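Spelled out, the chains give:
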Amino acid sequence: FAAWAGMWAMIYGVLFRDAMWCIPFIGFLSWYLTGNVMHDASHGALVSNPKMNHLFAHAAFPYGVNVSSWHIQHVMSHHIYTNTESDVDLYHFEPIVVLKKG
């Protein structure tokens, strides 16, 4: 909760207090909330309570991450076919970066 509250406090600071020094911290906290909290909660691995995991899985919602779409794309599609030709995560950056198994 502290990371989420701190991020929103810094966003307020940038928008209404002209505190531009907050921008790198907002970026870091945004990454932290999506890359760690939301990811682990979507796997049911952040906390032992399933309802709390569901709540924490919504941590990335302010950044446009739809939890239902994430669950279908990442939890189901990626983890069923991890590092195979059917793995949807291998194609996110095409044609700039092409990732292949092996």
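Before any of the text, the structure's been laid out above.
For the structure given in this document, a descriptive report is provided here. Quick caveat: nothing in here was measured; it's all calculated off a predicted structure.

1. Details of the overall build of the protein
Next up, step 1: What the protein contains, in helices and strands, is four helices and zero strands.
Next up, step 2: Ordering the α and β elements of the protein from the N terminus gives α-α-α-α.
Next up, step 3: Across its three principal axes, the protein shows a C-alpha extent of roughly 50 × 40 × 20 Å.
Next up, step 4: Per-residue burial for the protein yields a buried fraction of 25% across its 102 residues.
Next up, step 5: Considering only contacts in the protein between residues 6 or more positions apart, those separated by 24 or more positions represent 31%.
Next up, step 6: With an accessible surface of roughly 7,100 Å², the protein has 68% of that area assigned to carbon and sulfur atoms.
Next up, step 7: Side chains of the protein carry 4 positive and 6 negative charges; the gap between the two charge centres is 7 Å.

2. So, the side chain of Asn53
Next up, step 1: Checked against the element boundaries, Asn53 lands in helix 3 (residues 50-56).
Next up, step 2: Under the relative-accessibility criterion, Asn53 is labelled buried at 4%.
Next up, step 3: Ignoring any residue separated from it by four or fewer positions in sequence, one finds Asn53 in contact with Ala41, Gly44, Ala45, Leu46 and Val47.

3. Brief notes about the nonpolar core
Buried together is how nonpolar side chains tend to be arranged in soluble globular proteins.
Next up, step 1: In terms of nonpolar packing, the biggest core is built from 11 residues, these being Ala3, Met7, Met10, Val14, Ala19, Cys22, Ile26, Leu29, Leu33, Val37 and Ala59.
Next up, step 2: Counting residues per element, the ones that place at least two in this core are helix 1 (2-17) and helix 2 (23-42).
Next up, step 3: Ignoring any residue separated from it by four or fewer positions in sequence, one finds Leu29 in contact with Ala3, Gly6, Met7 and Met10.

4. Observations regarding the packing of helix 2 against helix 4 (residues 67-80)
Next up, step 1: Two elements in contact, helix 2 and helix 4, have axes whose closest approach is 10 Å; the angle formed by their N-to-C orientations is 80 degrees. The pairing of helix 2 with helix 4 is recorded here as roughly perpendicular in orientation. Each of Met38, His39 and Ser42 in helix 2 lies in contact with helix 4, whose residues at this interface are Trp70, His71, His74 and Val75.

5. Observations concerning the side chain of Ser42
Next up, step 1: Looking at the element boundaries, Ser42 is found in helix 2.
Next up, step 2: Of the polar contacts made by the side chain of Ser42, one reaches the backbone oxygen of His39; its length is 2.7 Å.
Next up, step 3: What Ser42 contacts, discounting residues up to four positions off in sequence, is Ala57, Trp70, His71 and Val75.

6. What to know about a nonpolar patch on the surface
Next up, step 1: There is a patch of nonpolar side chains on the surface, built from Leu46, Val47, Met52 and Leu55 and spanning about 300 Å² of accessible area.
Next up, step 2: By secondary structure assignment, the location of Leu46 is in the loop between helix 2 and helix 3.

Definitions and cut-offs
Residues numbered from 1 in each chain as written. Predicted model: local features only at pLDDT ≥ 70, side-chain atom pairs only at ≥ 80, totals over all residues. Heavy atoms only, no water. Helix = DSSP H or I, 4+ residues; strand = E, 2+ residues; numbered from the N terminus. Buried < 20%, exposed > 50% of the residue type's maximum accessible area, 1.4 Å probe, protein only. Contact = heavy atoms within 4.5 Å. Areas by Shrake-Rupley, 256 points an atom, 1.4 Å probe, with all protein chains shown as cover. Lys, Arg positive; Asp, Glu negative; His and termini not counted. Charge placed at Lys NZ, Arg CZ, Asp CG, Glu CD. Core = buried A, V, L, I, M, F, W, Y, C linked by side-chain atoms within 4.5 Å. Axes fitted to C-alpha atoms, helices over the stretch in contact; angles between N-to-C directions. Parallel < 35°, antiparallel > 145°, perpendicular 65-115°, else oblique. Polar contact = N/O pair within 3.5 Å; in protein donor to acceptor, adjacent residues only side chain to side chain. Patch = residues over 30% accessible without salt bridge, like charges linked within 9 Å, V, L, I, M, F, W, Y side chains within 5 Å. Salt bridge = Lys/Arg side-chain N within 4 Å of Asp/Glu carboxyl O.

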